[in-house]
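# A closer look at the structure
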Amino acid sequence: MVASIPIKNIEEIELIKDLYRKKNQLQELLMFTLAINTGLGVLELLNLKVKDIKGKHYLSVGKQKSVPLNNEIIQLVEEFAENKKLSEPLFQNSKGNKLGRTAVFYDFKDICIELGLNEKYSVASWRKTFAYHYYEKYKDISYLMWLFNQHSVNIAFKFIDVEENMNLRFKEGVCL
């Protein structure tokens, strides 16, 4: 099996979102958007209940993880969860049960195939997409290591598909 890679191209991300909208797949759009903007894994997403996210600006997962929700996510939640009970699973199958990860995997693969996108994209790409874009914006590898419970800078860089020579980070000017 080929390892998944992050979706580095913003236009590809928008293509995926647009196709979900076109197909009226609001649930899948919310799940994808939530994952790529928070770094939450598929199992964490599938365990969410409506009460965990509806009307909130931060999402708490576990005891230590709290992530901000952007305006796009807040709007999607309002639209998607408008008529849902707070105790319901946020993401459900047609029978009203918690959605399974296999269904999510195949649905996303179908979207990527339909769009002619990289075969290395999978639901595992979602977290990596968040991590890649977070790193590109903030260059904060230590936060990503903490978030994804990684114990090595090299593992973190491999996870986000970035090759960075840390030796080039040394700055002149330290003069004690």
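Refer to the preceding data block for the structure.
In this report, the structure presented in the accompanying data block is examined. (Residues numbered from 1 in each chain as written. Predicted model: local features only at pLDDT ≥ 70, side-chain atom pairs only at ≥ 80, totals over all residues. Heavy atoms only, no water.)

## Some remarks on the layout of surface pockets
- By volume, the largest pocket amounts to about 480 Å³.
- Residue assignment for the lining of the largest pocket shows that the elements contributing at least two residues are helix H1 (10–22), helix H2 (26–38), strand S2 (65–68) and helix H7 (124–138).
- Per-element accounting of the lining of the largest pocket gives the leading share, six residues, to H7. (1 Å grid on protein atoms, 1.4 Å probe; cavity = no way out; pocket = protein on both sides within 12 Å on 5 of 7 lines; lining within 4 Å. Points joined across faces, edges and corners; volume = space filled by probe spheres on them. Helix = DSSP H or I, 4+ residues; strand = E, 2+ residues; numbered from the N terminus.)

## Some details on the pairing of S2
- A one-sided burial pattern is seen for S2, the buried positions being Lys 65 and Val 67 and the unburied ones Ser 66 and Pro 68.
- Direction of pairing for strand S1 (residues 58–61) relative to S2: antiparallel, over a ladder of four bridges. Within S2, the residue paired with Val 61 across the bridge is Lys 65.
- Linkage of S1 to S2, two consecutive antiparallel strands, is achieved through a turn of three residues, within which Gly 62 is found at a positive phi near 70°. (Buried < 20%, exposed > 50% of the residue type's maximum accessible area, 1.4 Å probe, protein only. Pairing = 2+ DSSP bridges.)

## Comments concerning the packing of aromatic side chains
- Under the criterion given, the structure shown has 12 aromatic pairs.
- Relative to Phe 91, the ring of Phe 80 has its centre 6.3 Å away and its plane inclined at 25°; by these criteria the two rings are stacked. Of this pair, Phe 80 sits in helix H5 (residues 71–80) while Phe 91 sits in the loop between H5 and helix H6 (101–115), and the two are 11 residues apart along the sequence. The two residues Phe 80 and Phe 91 agree in class, both being buried.
- Aromatic ring contacts, followed pair by pair, group Phe 130, Tyr 134, Tyr 138, Tyr 143 and Trp 146 into a single cluster. (Phe/Tyr/Trp six-rings, centres within 6.5 Å; stacked < 30°, edge-to-face > 60°.)

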